[in-house]
Amino acid sequence: MKLTVIGFWGAYPEKNEATSCFLLEDAGTSILLDCGSGAVAQLQNYLDLHTLDAVMLSHYHHDHVADLGVLTYSRVVDINLKKTEIPLKIHAHKDDEAAFEKLRRPPFTEVTSYQHDSKVKIGPFTITFQKTDHPAPCYAMRIESSETNHTIVYTADTTFQESLIPFARNASLLIAETSFYADQSAEKFGHMNSKEVAMLAEESETKEVILSHLPHFGDHKQLVNEVAKTYSGKISLAETGKTWLL
Ligand SMILES: [Zn+2]
Ligand SMILES: [Zn+2]
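Under an unreviewed UniProt entry, the protein chain has the name Metallo-beta-lactamase domain-containing protein and belongs to Salipaludibacillus neizhouensis.

Caption draft 1: View of the sheet that holds strand β8 (residues 125-131). If you trace the 7 strands from one edge of the open sheet to the other, you get β7-β8-β9-β10-β11-β12-β13, paired in mixed fashion. Two strands bound the open sheet, and with one partner strand each, they are β7 (119-122) and β13 (234-237). Sheet twist, expressed as the mean angle between neighbouring strand axes with direction ignored, is 20°. Sheet strands in contact with helix α6 (residues 194-203) are β11 (173-177) and β12 (208-212), and its direction is about 160° off that of β11.

Caption draft 2: Inspection of the layout of surface pockets at higher detail. Estimated volume of the largest pocket: approximately 340 Å³. Contributing to the lining of the largest pocket are 13 residues, with L68, G69, A99, K102 and L103 lying nearest its centre. Elements with a contribution of two residues or more to the lining of the largest pocket: α2 (62-65) and α3 (68-80). At 4 residues, the largest contribution of residues to the lining of the largest pocket is made by α3.

Caption draft 3: Here's a closer look at the coordination of the zinc ion (ligand 1). Only H59 (NE2), H61 (ND1), H134 (NE2) and D157 (OD) from the protein coordinate the zinc ion (ligand 1), and they sit 2.1 to 2.4 Å from it. Mapped onto the sequence, the residues coordinating the zinc ion (ligand 1) show the spacing H-x1-H-x72-H-x22-D. Here the zinc ion (ligand 1) and the zinc ion (ligand 2) are spaced 3.5 Å apart, and both take D157 as a donor. A relative accessible area of 0% means that H59 is categorised as buried.

Caption draft 4: Just the UniProt feature "domain: Metallo-beta-lactamase" (unreviewed entry) in the protein chain, in detail. UniProt marks residues 18-213 with the feature "domain: Metallo-beta-lactamase" (unreviewed entry), using the numbering shown here. In the segment residues 18-213, helix accounts for 21% and strand for 30%; the C-alpha atoms at its two ends are 10 Å apart.

Caption draft 5: Layout of empty space enclosed by the protein. For the coordinates displayed, the defined rule picks out 1 cavity of 30 Å³ or more. Estimates place the volume of the largest cavity at around 30 Å³. Its residues assigned to classes, the lining of the largest cavity comprises 4 nonpolar, 3 polar and 1 charged.

Caption draft 6: Inspection of the coordination of the zinc ion (ligand 2) at higher detail. Only D63 (OD), H64 (NE2), D157 (OD) and H213 (NE2) from the protein coordinate the zinc ion (ligand 2), and they sit 2.1 to 2.2 Å from it. Viewed at the metal, the 4 donor atoms of the zinc ion (ligand 2) are separated by angles of 87 to 163°, and the geometry they form is irregular. Here the donor residues of the zinc ion (ligand 2) share one chain and are spaced in sequence as D-H-x92-D-x55-H.

Caption draft 7: Geometry of the packing of aromatic side chains. Under the counting rule described, the total for this entry stands at 7 aromatic pairs. Cluster of aromatic residues (ring-pair linked, three or more members): F180, Y181, F189 and F217.

Caption draft 8: A look at the packing of α6 against helix α7 (residues 220-228). Interaxial distance between α6 and α7 falls to 8 Å at its minimum, and their mutual angle equals 45°. Here α6 is positioned oblique relative to α7, judged by the angle of their axes. Where α6 crosses over α7, the handedness of that crossing is right-handed. Between α6, through S194, V197 and A198, and α7, the contact on the second element is made entirely by L223, E226 and V227. Grouping the amino acids of the contact of α6 with α7 by side-chain chemistry returns 4 nonpolar, 1 polar and 1 charged.

Calculation rules
Residues numbered from 1 in each chain as written. Chains lettered and ligands numbered in written order. Predicted model: local features only at pLDDT ≥ 70, side-chain atom pairs only at ≥ 80, totals over all residues. Heavy atoms only, no water. Pairing = 2+ DSSP bridges. Helix = DSSP H or I, 4+ residues; strand = E, 2+ residues; numbered from the N terminus. Axes fitted to C-alpha atoms, helices over the stretch in contact; angles between N-to-C directions. Contact = heavy atoms within 4.5 Å. 1 Å grid on protein atoms, 1.4 Å probe; cavity = no way out; pocket = protein on both sides within 12 Å on 5 of 7 lines; lining within 4 Å. Points joined across faces, edges and corners; volume = space filled by probe spheres on them. Donors = N, O, S within 2.8 Å, 3.2 Å for Na, K, Ca; no water. Buried < 20%, exposed > 50% of the residue type's maximum accessible area, 1.4 Å probe, protein only. UniProt positions renumbered as here; feature names shortened; annotations may be inferred. Nonpolar A, V, L, I, M, F, W, Y, C, P; charged D, E, K, R; others polar. Tetrahedral: all angles 85-135°; square planar, octahedral: opposite > 155°, others 65-115°. Phe/Tyr/Trp six-rings, centres within 6.5 Å; stacked < 30°, edge-to-face > 60°. Parallel < 35°, antiparallel > 145°, perpendicular 65-115°, else oblique. Left-handed = near helix turned anticlockwise from the far one by under 90°.

Okay, structure coming up:
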């Protein structure tokens, strides 16, 4: 299983970069976790758009779905150019029915809804969900591959909740939204600070945490130092193009 960071910024992308988007590849199947602003331009450094199999959306905030419309247009163009006949598969929740319905563009997209107890299978991947605590309905995802014993957990956007600990239990990699520094209150914005991320990573016995959804202020190295105070595993900052092989 290969993970590539396509975008990691919270809120908006910095120059030449993208907001939340991760590419997961295994056994010839490629899926995206979220499709933030700037993601489509970045993604083409790593794969041809017409070969992308599916997109998993955590929620409908712009920094997670901004490029989904243009990704859909790329499939419209590529199907018309006969580069592929396969629609882009989009998996999203229906808690916001209007936003969900906007994803439909047959025959270019194939849209499927998931809910908290769903088990989505795409190629070697099996994805399970947990609703997070965020101003817009949002779901964390736990991704397993039949090709490896490793597990990736993506918090998406959330405040710290105890229930995330068993959900992230023993993950090989935890992609954790780290929107604020340790001394800042993240909860009122529906996010986590570095201290809360450390607690989640430590208590779930995650092997490695990737700090993502990063803030546009301060020095991100400080986030790493703050997480290291509580968490004994490996800590990485999300970085455009950075990959993990599991
Ligand atoms: Zn959000
Ligand atoms: Zn966000």
